[in-house]
Amino acid sequence: MSLKALLASLDMVGRAMPHTPLVKLRHDHLDLFAKLEYVNPNGSAKDRSAYWILRCAVERGDVTEKTTIVESSSGNFAISLASFCRWLGLDFVPVIDPNINSSTETFLRRLCDRVEKVTEPDGTGGYLTTRLRRVQELRTASGSVYWPDQYANTDALDAHDRFTGGELLDDLPDIDYLFVGVSTGGTISGLSRHLKRVRPCAKVIAVDAVGSVIFGGRPGPRRLPGLGSSMVPQLVKRAQIDEAMLVPELDAIQGCHDLFERHGLYAGGSTGSVYHAIETYFAGYRGPRPTVAFLCADRGTGYADTVYDPAWVERLRADHTCAVALV
């Protein structure tokens, strides 16, 4: 496929991106809105950054029809890249780890000719640096390889400034608080940049996982993909954040169930963390009703055998109880 044809195909992808819905949820003390990013073509907010990163790379000549894309991801970014690369006729090699949802791994192994799965934890108990090391090995061992580097690539930031942030502020210009889950940093950096430019008085609350080091937390094992990191991503340093909150995984799971049972929104683990953070932040609040927004970053479908499986949750609860007893 020629450069012109690649760009034409990417333009078709861009036209398929919807203006994702913003829905108002019932709440006693807040005007609470959820932006349903899970209606994107591949079911998550990562479609925004994956599309824009690929388009910019093709325009710069970093990606041609002979390029292999290699990226570290055990979640939605890998799904988005796999789908878009297949559409474009490009080879994609995802580097994943044991925390990946089984449905995500099945999807990637069906769509990608090669999947690399690391199994050795890094010094924090996670797998991120191990995955990144494998990415570098693949880059040096192969010919024409492009690494999107979702942790530092400013095209990811621009995608969420341009698309996600633009839509949100068009639909909700009077927003007072925006709660955003943090992992690679692209989403919160782009959203916060757009929000502070348009509505400087609004507050951005970053939501991270206990066990993540992004905001100075103590490193520890994390079993839910999509939130947290065992390093501080470069893109996070560009975010305009007012406050940060850390949510334990069991509370994230409870947040998922509360969101589903109260509002019928079947969302993934990071969204449960953000919803729990909102309820915690405004617990006991009785002032004027603020306008609060958050993203439903992906659907709960990929978490059916973890977050929404009572047996899995009980095993996690038992592991957590044992860990606390050993301290």
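Residues numbered from 1 in each chain as written. Predicted model: local features only at pLDDT ≥ 70, side-chain atom pairs only at ≥ 80, totals over all residues. Heavy atoms only, no water.

Quick look at the overall build of the protein
For the record, the criterion: Note on conventions: DSSP H or I runs of at least 4 residues are helices, E runs of at least 2 residues are strands, and numbering of each starts at the N terminus. This radius of gyration counts C-alpha atoms alone. The globule rule is 2.2 Å times how many residues there are, raised to the power 0.38. The criterion used for residue contact is that any of the two residues' heavy atoms lie within 4.5 Å. The Shrake-Rupley method, run with a 1.4 Å probe, gives the accessible areas here. Residue values count only the displayed protein chains as cover. His is not counted, nor are the chain ends; Lys and Arg add positive charge and Asp and Glu add negative charge. We put the charge of a Lys on NZ, of an Arg on CZ, of an Asp on CG and of a Glu on CD.
A tally of regular secondary structure across the protein gives 10 helices and 10 strands. Against the globule reference of 20 Å for 327 residues, the protein gives a C-alpha radius of gyration of 19 Å, in line with a compact fold. C-alpha atoms of the protein, sized along the principal axes, occupy 60 × 50 × 30 Å. Expressed as a percentage of contacts within the protein between residues at least 6 apart in sequence, the contacts between residues at least 24 apart total 69%. Accessible area of the protein: about 13800 Å², with a carbon and sulfur share of 51%. Side-chain charges of the protein comprise 36 positive and 39 negative groups, with the mean position of each set lying 2 Å from the other.

Description of the pattern of salt bridges
Which entries qualify depends on this criterion: The rule for a salt bridge is simple: a side-chain nitrogen of Lys or Arg has to be within 4 Å of a carboxyl oxygen of Asp or Glu. Three exposure classes are used, based on accessible area relative to the maximum for each residue type with a 1.4 Å probe and protein chains only: buried under 20%, partly exposed in between, and exposed over 50%.
Here the structure, examined in full by the defined rule, presents 23 salt bridges. Between Arg55 and Asp11 there is a salt bridge; the shortest N-O distance is 2.6 Å. In this pair, Arg55 sits in helix α2 (residues 46-60) while Asp11 sits in helix α1 (residues 3-16), placing the two residues 44 residues apart along the sequence. Its relative accessible area of 13% is what places Arg55 among the buried residues. For Glu249, the salt bridge is made with Arg223, and the minimal N-O distance between the two is 3.8 Å. A residue pair is termed long-range when its members are at least 10 positions apart, and Glu249 in helix α8 (residues 249-263) and Arg223 in the loop between β8 (203-209) and β9 (243-247) qualify at 26 residues. A residue is classified by how much of its surface remains accessible, and Arg223, at 32% relative accessible area, is partly exposed. Linked by salt bridges that have partners in common, Lys35, Glu37, Arg48 and Glu167 make up one network.

Some thoughts on the packing of aromatic side chains
Keep this limit in mind: Working definition: rings of Phe, Tyr and Trp (its six-membered ring) pair if their centres are within 6.5 Å, and the pair is stacked with planes under 30 degrees apart, edge-to-face with planes over 60 apart, and tilted otherwise.
Tallied over the entire structure, the rule returns 13 aromatic pairs. Ring geometry for Tyr177 versus Tyr281: centroids 5.8 Å apart, planes at 65°, classification edge-to-face. Remark: Tyr281 occurs in helix α9 (residues 269-281) and Tyr177 occurs in strand β7 (residues 177-181); sequence separation between them is 104 residues. Exposure remark for Tyr281: the relative accessible area of 23% places this residue in the partly exposed category. Taking the centre distance of 6.3 Å and the plane angle of 50° together, the rings of Tyr275 and Phe294 count as tilted. Of this pair, Tyr275 sits in helix α9 while Phe294 sits in strand β10 (residues 291-296), and the two are 19 residues apart along the sequence. For Tyr275, a relative accessible area of 2% corresponds to the buried category. By relative accessible area, which is 1% here, Phe294 ends up buried. Among the aromatic residues, ring-to-ring pairing joins Tyr177, Phe179, Tyr281, Phe282 and Tyr285 into one connected group.

Observations concerning the UniProt feature "domain: Tryptophan synthase beta chain-like PALP" (unreviewed entry) in the protein
The condition that has to hold: UniProt positions are given in the numbering used here, feature names are shortened, and annotations may be inferred rather than shown by experiment.
Residues annotated by UniProt as "domain: Tryptophan synthase beta chain-like PALP" (unreviewed entry) correspond here to residues 19-296. Structurally, residues 19-296 comprises 40% helix and 17% strand, and the distance from its first C-alpha atom to its last is 14 Å.

As for the sheet that holds strand β6 (residues 145-146)
Note the following rule: Between any two strands, pairing holds if DSSP finds at least two bridges. With axes taken as lines fitted to C-alpha atoms, and helix axes fitted only over the stretch in contact, angles between N-to-C directions fall between 0 and 180 degrees.
The 4 strands are arranged β5-β4-β3-β6 in an open sheet whose pairing can be described as parallel. What marks the edges here is a single partner per strand, and that holds for β5 (116-117) and β6. Pairing analysis gives 2 bridges linking strand β3 (residues 68-72) to β6, with the strands arranged parallel. Bridging across to β6, Thr68 finds its partner in Val145. Each of β4 (91-96) and β5 touches helix α4 (residues 102-111); the most contacted strand, β4, lies at about 150° to it.

Observations concerning the packing of α8 against α9
Put simply, the rule is: Note on angle classes: values under 35 degrees are labelled roughly parallel, values over 145 roughly antiparallel, values of 65 to 115 roughly perpendicular, and the remainder oblique. In this classification, Asp, Glu, Lys and Arg are treated as charged, Ala, Val, Leu, Ile, Met, Phe, Trp, Tyr, Cys and Pro as nonpolar, and every other residue, Gly included, as polar.
Interaxial distance between α8 and α9 falls to 7 Å at its minimum, and their mutual angle equals 85°. Classified by the angle their axes make, α8 and α9 are roughly perpendicular. Across from Asp251, Ala252, Gly255, Cys256, Asp258, Leu259, Arg262 and His263 in α8, the residues of α9 making contact are Gly269, Thr271, Gly272, Ser273, Tyr275, His276 and Glu279. Residues that form the contact of α8 with α9 fall into these classes: 4 nonpolar, 7 polar and 4 charged.

Digging into helix α6 (residues 154-171)
Each α-helix winds once per 3.6 residues, and so residues spaced three or four apart point in a common direction. We count it as follows: The span you would expect from a helix comes to 1.5 Å times its residue count less one. To obtain the bend at a residue, axes are fitted to the seven residues ending there and to the seven starting there, and the angle between these axes is taken. For the purposes of these results, a polar contact is taken to be a pair of N or O atoms within 3.5 Å, where, inside protein, one atom must be able to donate a hydrogen and its partner to accept one; residues adjacent in sequence count only when each atom of the pair is a side-chain atom.
Given a rise of 1.5 Å per residue, 18 residues ought to cover 26 Å, and the 25 Å separating the end C-alpha atoms of α6 matches this to within 8%. The largest bend along α6 reaches roughly 35° and is located at Gly165. Residues of α6 that are buried include every one of Asp155, Ala156, Leu157, Ala159, His160, Asp161, Thr164, Gly165, Gly166, Glu167, Leu168 and Leu169, and no others. Turning to α6, the residues buried within the fold contact β1 (22-25), β2 (31-36), α2, β7, α7 (186-198) and β10. Of the residues flanking the start of α6, the one acting as N-cap is Asn153, its side-chain oxygen 2.9 Å from the backbone nitrogen of Asp155.

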